[in-house]
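# Structure assessment
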Amino acid sequence: MNTPPPPAAVIVGTRASPLARAQTSCVVDLLVSAHSGLTCDVVAIVTEGDRTQAKGVPLPAIGGKGLFTLELERALRESEIDAAVHSLKDLPTEPAADLCVGAICRREDARDCLVSHAGLTLKALPDGAVVGTSSLRREAQLRVLRPDLEIRSIRGNVDTRVRSVRAGVYDAAVLAAAGIRRLGLESEVAEWLSSEVILPAPGQGALAVQCRAGDERMVELLAAIEDPVSRATTSAERAFLRALGGGCAAPVAAHARVVETNADDVRDRPLQDSIEVRMEALVAAVDGSDVVRVTGVGEPDELGERLAGEAIAAGADRLVAGARV
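Read on for a plain summary of the structure. (Residues numbered from 1 in each chain as written. Predicted model: local features only at pLDDT ≥ 70, side-chain atom pairs only at ≥ 80, totals over all residues. Heavy atoms only, no water.)

## Describing the sheet that holds strand β12 (residues 277-284)
Read from one edge to the other, the open sheet built from 3 strands follows the order β11-β12-β13, with strand pairing classed as antiparallel. Pairing within the sheet leaves two strands with one partner each, and these edge strands are β11 (252-258) and β13 (291-298). Across the sheet, the mean angle separating the axes of adjacent strands is 10° when strand polarity is ignored. Where β11 lies against β12, 7 bridges are found, and the strand directions are antiparallel. Its bridge partner lying in β12, Val252 is registered against Val283. (Pairing = 2+ DSSP bridges. Helix = DSSP H or I, 4+ residues; strand = E, 2+ residues; numbered from the N terminus. Axes fitted to C-alpha atoms, helices over the stretch in contact; angles between N-to-C directions.)

Spelled out as structure tokens, the structure:
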């Protein structure tokens, strides 16, 4: 009896940073576990965001969409790769017509965390302490909580930022908990910041796997690693951001959870079933002088758009515009 040939290898594109490679390894492991005999080849691609990061240019000063994704999307379109792994929060909220997000994998910790030189918590940092962040969202919320702190831009890979804090260049830095966990750097964390302290970015902690919209084989392969809870919660968050028109650089935060107590019960339901989520979101002035907060419950896309409308009615559009000045 002839043995059927193994399926052709999938070529997976990723950024070259240690975190991007770790994230891609997670996706490859999921694919290989879901499809017997499948092999994956990983190709590293340098993005514009990586090039500017090496120069230390602050992200808000660069602006623009797709800083960490455009080169990967080009490689997909030119069939150099079959799939691209992104941090979902890096993907523009307006999808490309010829590409699709074939899977959003099970989300890691969505929170932010604090790494500090002396192991101090956010509350315990002394007046005037220098705190590094690359995010206007984090900066705005830090200024609300601790207006006495000195907030400075910090760029570089996660391990580079951690080393800068260790060396005393910064007293502390705020980073995404997911990246810290994926790199096994939990011992560096002085404080895990709950969403009640600092609300995360839309999509934070989630991985998106993109493929060509017409590639039926990849769409089918990726469907096996889709997590419906992560898709629902991040869809609500990104719908909020999209409806605001704020882009990734604006001081916008959102975090959604499924309404049902046991998220695993939701994962076991048919994919076409609707999932209700509860979301809290905010838009802030970069200097922390004003914050618009909204909360609500509903189906993901409807909820995101509804809460964005409520935020705009409360003045959020003015705060978003102020971040572009």
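## Side note on the packing of aromatic side chains
Within this structure, the stated rule accounts for 0 aromatic pairs. Its guanidinium or amino end placed over the ring of Trp192, Arg181 lies 4.2 Å from that ring's centre, counting from NZ or CZ. (Phe/Tyr/Trp six-rings, centres within 6.5 Å; stacked < 30°, edge-to-face > 60°. Lys NZ or Arg CZ within 6 Å of the ring centre and 35° of its normal.)

## Brief notes about the nonpolar core
Phe240, Leu244, Val252, Val277, Met279 and Val283 are the most contacted members of the largest nonpolar core, which totals 26 residues. Elements with a contribution of two residues or more to this core: α9 (228-244), β11, β12, β13, α11 (300-313) and α12 (316-324). In terms of residue count, α9 provides more of this core than any other element does, 6 residues in total. Excluding residues within four positions of it along the chain, Met279 makes contact with Ala236, Glu237, Phe240, Ala254, His255, Ala256, Val294, Thr295, Gly296, Leu303, Gly304 and Leu307. (Core = buried A, V, L, I, M, F, W, Y, C linked by side-chain atoms within 4.5 Å. Buried < 20%, exposed > 50% of the residue type's maximum accessible area, 1.4 Å probe, protein only. Contact = heavy atoms within 4.5 Å.)

## Comments concerning the side chain of Arg146
Looking at the element boundaries, Arg146 is found in the loop between α5 (136-145) and β7 (150-153). Take Arg146: its relative accessible area is 12%, and that puts it in the buried class. A polar contact is formed between the side chain of Arg146 and the backbone oxygen of Lys123, at a distance of 3.4 Å. Polar side-chain contacts of Arg146 include one of 2.8 Å to the backbone oxygen of Leu125. The contacts of Arg146, once residues within four sequence positions are left out, are Leu122, Lys123, Ala124, Leu125, Pro126 and Asp127. (Polar contact = N/O pair within 3.5 Å; in protein donor to acceptor, adjacent residues only side chain to side chain.)

## Let's talk about the sheet that holds strand β1 (residues 10-14)
The 5 strands lie next to each other as β2-β1-β3-β10-β4, forming an open sheet whose pairing is mixed. At either end of the open sheet lies a strand with only one pairing partner, and these are β2 (40-44) and β4 (99-104). Taking each pair of neighbouring strands and ignoring which way they run, the sheet shows an average axis angle of 30°. Across 2 bridges, the pairing between β1 and strand β3 (residues 83-87) is parallel. Within β3, the position partnered with Val12 by the bridge is Ala83. The strands that helix α4 (residues 70-77) touches are β1, β3, β4 and β10 (207-212); relative to β3, the one it contacts most, it runs at about 165°.

## Overview of α11
If you check α11, its first and last C-alpha atoms are 20 Å apart, about what 14 residues at 1.5 Å a residue would give, namely 20 Å. Those residues of α11 lying buried are Pro300, Leu303, Gly304, Leu307, Ala308 and Ala311. Viewed end-on, α11 has its buried residues packed into an arc of 130°, placing them on one side of the element. With its phi angle positive at about 105°, Gly315 sits one or two positions after the end of α11. (Expected span 1.5 Å × (residues − 1). Arc of directions from axis to C-beta.)

## Observations regarding the pattern of salt bridges
With the rule as written, the count across this model stands at 20 salt bridges. Residue Asp98 is joined to Arg77 by a salt bridge in which the shortest nitrogen-to-oxygen separation is 2.7 Å. A residue pair is termed long-range when its members are at least 10 positions apart, and Asp98 in the loop between β3 and β4 and Arg77 in helix α4 qualify at 21 residues. Measuring nitrogen to oxygen at the nearest pair gives 2.7 Å for the salt bridge that ties Arg306 to Glu302. Separated by 4 residues within a single helix, Arg306 and Glu302 lie in helix α11, roughly one turn from each other. Looking at Arg306, the relative accessible area reads 30%, which means it is partly exposed. (Salt bridge = Lys/Arg side-chain N within 4 Å of Asp/Glu carboxyl O.)

Just distances and angles here, no functional claims.
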